[in-house]
Amino acid sequence: MMRSLFKRLGWAGSISLGIIVFCFLLAILAPVVAPFPAQGMGTPNITDKLMPPSAEHWLGTDHLGRDMVSRVIYGARVSLTTGMLIVALSLAIGLPVGLLAGYFGGWIDDALMRVTDVFLAFPALLLAVLMAAAMGAGMVNSTVAVAVTWWPWYARLARAEVLVLRGQPYVEAARVMGVSHGTIILRHILPSTSRPLAVQAALDFGPALLTASALSFLGLGILPPTADWGQMVNAGRSFFPLRWWYAAAPGVTIFVLALAFSVLGDALRGDDGGLGDAAR
Amino acid sequence: MDEPLLQIRDLVVRYRRTGFFSAPPPPAVNAISLELASGSTLGLVGESGSGKSSLLRAILRLVPVESGTIRLDGDDWLALPEQVLRERRRAIGVVAQNPFLSLSPRLTIAEILAEPMTAQGRVPAQELRERAADMLERCGLPGTFLTRRARELSGGQAQRVAIARALVLQPKLLILDEPTSALDISVQAQILNLLADLKQELGLSMLFVTHNLKVVRHVSDTLVVMRSGRVVEAGSTEQISFAPAEEYTRQLMGYGGNLRDRSR
């Protein structure tokens with residue numbers, strides 16, 4: 001099974017998947033694998049501040065003397081959770097909107113899709129910043145702020161899928177048999193939309209992570225002392241380039257992970273016929 | 001009980017214009033009237049684009065009707081509100097052209113056969129299975145097929161499943177939309193024989209839609225020939241197949257082309 005998965009994803013996709021799995025494992029096992037768990041969670045250690053990378057601190061320390069490896073590992077917990085929540089929340093809003101609009105058509109479609117268009121008309125990051133600024137900083141608020149700009153894409157994708165499925169003879173057959181709309185949507189339409197939406201979600205995880213990090217970078221996301229990559233980049237900025245490792249460690253991590261999700265998403269999209277078999 | 005099972009009067013179906021300034025398209029179904037007596041089989045024949053599919057979709061209430069009436073089993077069919085319609089739909093069973101498209105690829109045959117029953121209300125699982133197996137057997141497939149999926153069946157087997165699904169609620173009217181066109185010749189004959197048997201056994205009324213007059217000749221009592229949305233010819237099957245009044249009807253029969261060649 002591992003071999004066939006590797007074959008489907010190609011070498012780039014497989015490496016990406018490896019990176020992502022590795023990051024998730026680090027995040028889950030943070031208390032065990034982080035060399036200085038207390039510092040990872042925020043306890044200062046002023047005596048060792050701004051130390052360059054060394055055998056003890058592989059990625060150096062920050063301005064409060066905390067081990068950067070531990071900070072980045074603990075930051076993974078926050079960043080991955082935020083990314084997942086953003087995608088999940090976007091799906092939770094976008095999927096029902098797209099299903100209803102596509103299935104019922106007519107004025108329901110017009111009404112829902114015009115609302116969707118309004119959200120799409122705003123630049124996503126600007127809207128997210130506005131929302132976050134209005135609601136105040138914090139993990140939940142920044143998640144909601146990004147999800148608000150994200151769901152229209154899922155609504156449109158779901159709607160497009162439904163429009164194709166609605167005309168399928170087996171869906172029409174169900175209608176002609178007197179099956180209720182709810183049952184048709186849940187039984188015949190929803191299962192067939194899940195695959196393209198799963199691919200989209202994987203593709204979106206990277207950008208979601210980036211946007212959430214951007215909000216934190218601007219001080220609108222996760223607040224110190226909780227470790228968050230975007231916020232760490234911002235804090236390290238003032239010491240750059242002299243103490244380059246402070247901003248570089250979280251920055252490069254964000255870059256690598258966002259890239260990995262993007263490459264994996266592409267690999268899935270290129271061969272989404274295989275995803276269903278692997279998932280079954 | 002003299003009223004025919006299905007009675008269509010001056011039915012007009014017209015699709016929406018394509019653009020705001022474009023002229024409305026000609027009606028796909030143009031003032032069609034026809035009757036289907038209880039217990040009989042009506043063959044609806046026409047070339048592709050003749051409007052037979054639109055007529056069918058209008059009867060199934062899948063497309064809006066511009067004018068005209070449909071009476072089905074005593075109901076003013078087009079006036080039924082959505083909720084009532086859903087329940088009355090059990091009066092009609094439908095078999096589509098391609099069973100691999102009309103049967104969900106995700107469900108087992110048992111689930112496919114249960115769907116019309118559960119659509120009409122809660123049915124105990126045991127009874128669902130028994131009725132599904134019973135109808136499947138009547139359609140010539142053993143109960144072991146219940147656990148399979150449509151893609152594991154041959155075309156003929158899948159079409160038998162589709163017929164079983166259409167009949168599982170014991171509808172008064174069975175609508176067949178090119179039920180044999182996607183099958184190869186030997187299987188076509190088997191399906192036609194099965195339909196003839198089921199008609200006898202269950203006292204079905206059938207509306208058989210096809211472009212192939214040869215096929216429908218064997219099963220229908222009366223024929224309606226359609227062309228560009230209108231009825232060209234209607235009457236008993238013998239009359240039309242032995243003495244077709246129209247050249248078009250002859251062509252549908254499959255030997256019109258030859259006649260024309262000879263006259264040249």
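Source: prediction; values computed, not measured.

Cut-off values and rules
- Residues numbered from 1 in each chain as written.
- Chains lettered and ligands numbered in written order.
- Predicted model: local features only at pLDDT ≥ 70, side-chain atom pairs only at ≥ 80, totals over all residues.
- Heavy atoms only, no water.
- Helix = DSSP H or I, 4+ residues; strand = E, 2+ residues; numbered from the N terminus.
- Rg over C-alpha atoms; globule rule 2.2 N^0.38 Å.
- Contact = heavy atoms within 4.5 Å.
- Areas by Shrake-Rupley, 256 points an atom, 1.4 Å probe, with all protein chains shown as cover.
- Buried < 20%, exposed > 50% of the residue type's maximum accessible area, 1.4 Å probe, protein only.
- Lys, Arg positive; Asp, Glu negative; His and termini not counted.
- Charge placed at Lys NZ, Arg CZ, Asp CG, Glu CD.
- Pairing = 2+ DSSP bridges.
- Axes fitted to C-alpha atoms, helices over the stretch in contact; angles between N-to-C directions.
- pLDDT = per-residue confidence, 0-100.
- Parallel < 35°, antiparallel > 145°, perpendicular 65-115°, else oblique.
- Nonpolar A, V, L, I, M, F, W, Y, C, P; charged D, E, K, R; others polar.
- Patch = residues over 30% accessible without salt bridge, like charges linked within 9 Å, V, L, I, M, F, W, Y side chains within 5 Å.
- Salt bridge = Lys/Arg side-chain N within 4 Å of Asp/Glu carboxyl O.
- 1 Å grid on protein atoms, 1.4 Å probe; cavity = no way out; pocket = protein on both sides within 12 Å on 5 of 7 lines; lining within 4 Å.
- Points joined across faces, edges and corners; volume = space filled by probe spheres on them.
- Buried area = accessible area lost by both parts, 1.4 Å probe.
- Polar contact = N/O pair within 3.5 Å; in protein donor to acceptor, adjacent residues only side chain to side chain.

K.L.:
Kindly report on the overall build of chain B, identifying the contributing residues and their values.
P.N.:
When helices and strands are tallied, chain B shows eleven helices and ten strands. Against the compact-globule benchmark of 18 Å for 264 residues, chain B has a radius of gyration of 19 Å, which places it among compact chains. Projecting the C-alpha coordinates of chain B onto the three principal axes gives extents of approximately 60 × 45 × 45 Å. Sequence-distant contacts, at least 24 apart, represent 66% of the contacts inside chain B between residues at least 6 apart. Carbon and sulfur atoms form 49% of the exposed surface of chain B, whose accessible area is close to 12,700 Å².

K.L.:
Quick rundown of the overall build of chain A? Include the residues and the values.
P.N.:
When you go through chain A residue by residue, the secondary structure sums to twelve helices and zero strands. Of the regular secondary structure in chain A, the N- to C-terminal order runs α-α-α-α-α-α-α-α-α-α-α-α. Taken along its principal axes, the extent of the C-alpha atoms in chain A is 75 × 50 × 25 Å. Burial status across chain A gives 46% buried among its 280 residues. Expressed as a percentage of contacts within chain A between residues at least 6 apart in sequence, the contacts between residues at least 24 apart total 72%. Here chain A has roughly 12,900 Å² of accessible surface; of this, 72% comes from carbon and sulfur atoms. Here chain A holds 18 positive side-chain charges and 15 negative ones, and the gap between their average locations is 2 Å.

K.L.:
Hey, could you go over the sheet that holds strand β3 (residues 41-46) of chain B for me, with residue numbers and the actual values?
P.N.:
All names here are of chain B. Spatially, β6-β7-β8-β3-β9-β10 is the arrangement adopted by the six strands of the open sheet, whose pairing is mixed. Every other strand in the sheet has two partners, leaving β6 (92-95) and β10 (230-236) as the edge strands with one partner each. The sheet shows a mean angle of 15° between the axes of neighbouring strands, taken without regard to direction. Pairing of β3 with strand β8 (residues 205-210), which is carried by five bridges, proceeds in the parallel orientation. Residue pairing across strands places Thr 41 opposite Met 206, the latter belonging to β8.

K.L.:
Got a sec to walk through the confidence of the model for chain B? Specific residues and values, please.
P.N.:
Residue and element names in this part refer to chain B. In this model, chain B carries a mean pLDDT of 86, and residues with pLDDT of at least 70 account for 95%. Of the regions scoring below 50 in pLDDT, residues 256-264 engages in six contacts with residues more than four places distant in sequence or in other chains. Reported for the predicted complex are a pTM of 0.79 and an ipTM of 0.84.

K.L.:
Which residues make up the packing of helix α8 (residues 169-176) of chain A against helix α9 (residues 181-217) of chain A, and what values do they have?
P.N.:
All names here are of chain A. Across the interface, α8 lies against α9 with an axial gap of 10 Å and an inter-helix angle of 175°. The angle between the axes of α8 and α9 places the two elements in the roughly antiparallel class. Two secondary-structure elements touch here, α8 through Tyr 170, Val 171, Ala 174 and Arg 175 and α9 through Ile 184, His 188, Ile 189 and Ser 192. Residue classes in the contact of α8 with α9 are distributed as five nonpolar, two polar and one charged.

K.L.:
Give me the lowdown on a nonpolar patch on the surface, citing residues and values where you can.
P.N.:
Residues and elements named next belong to chain A. On the surface, Val 21, Leu 25, Ile 28, Leu 29, Val 32 and Val 33 cluster together into a nonpolar patch covering about 530 Å² of accessible area. Considering each element in turn, the nonpolar patch owes the most residues, three residues, to helix α1 (residues 2-28). Assignment of secondary structure puts Val 32 in helix α2 (residues 30-33). Accessibility expressed as a relative area gives 69% for Val 32, which makes it exposed.

K.L.:
Any details on the layout of surface pockets? Residues and values, ideally.
P.N.:
Here the idea is plain: a probe the size of a water molecule rolls over the atoms and shows the empty space left. Estimated volume of the largest pocket: approximately 910 Å³. What lines the largest pocket is a set of 26 residues, and nearest its centre among them are Arg 166 and Arg 175 of chain A together with Leu 62, Val 63 and Pro 64 of chain B. If you list the elements that add at least two residues to the lining of the largest pocket, you get α4 (68-104), α5 (106-121) and α8 of chain A together with α2 (82-88) of chain B. Here the second largest pocket defines a volume of roughly 500 Å³. In terms of lining, the second largest pocket is formed by 29 residues, of which the most central are Pro 169 and Glu 172 of chain A together with Leu 60, Val 94 and Ala 96 of chain B. Looking at the lining of the second largest pocket, the elements that each hand over two or more residues are α8 of chain A together with α1 (52-59), β6, α3 (99-102) and α6 (155-167) of chain B. For the lining of the second largest pocket, the class distribution of residues is 16 nonpolar, seven polar and six charged.

K.L.:
Please set out the interface of chain B and chain A residue by residue, giving values where relevant.
P.N.:
In this assembly, 21 residues from chain B lie in contact with 16 residues from chain A. Across the interface of chain B and chain A, roughly 1,700 Å² is buried in total on both sides, 55% from carbon and sulfur atoms. When residues of chain B are sorted by the area they lose upon contact with chain A, Leu 62, Arg 106 and Glu 115 of chain B head the list and together hold 31% of the total. Our count for the chain B to chain A interface comes out at two salt bridges. Among the salt bridges present, the one from Arg 187 of chain A reaches Glu 115 of chain B, with a minimum N-O distance of 3.3 Å. At the surface where chain B touches chain A, the tally comes to nine residue pairs in polar contact (both at pLDDT 80 or more). Looking at the side of chain B that touches chain A, the elements with two or more residues in it are α2, α3 and α4 (109-119) of chain B. For the side of chain B that touches chain A, the element with the highest residue contribution is α4 of chain B, accounting for four residues.

K.L.:
Residues and numbers for empty space enclosed by the protein, please.
P.N.:
Residues and elements named next belong to chain A. Under the defined criterion, the tally for this structure stands at one cavity of 30 Å³ or more. Roughly 40 Å³ of volume is contained in the largest cavity. Among the elements of the structure, α4 and α9 are those that each provide at least two residues to the lining of the largest cavity. Ranked by residue count, the leading element in the lining of the largest cavity is α9, at four residues. Residue composition of the lining of the largest cavity, by class: three nonpolar, four polar and one charged.

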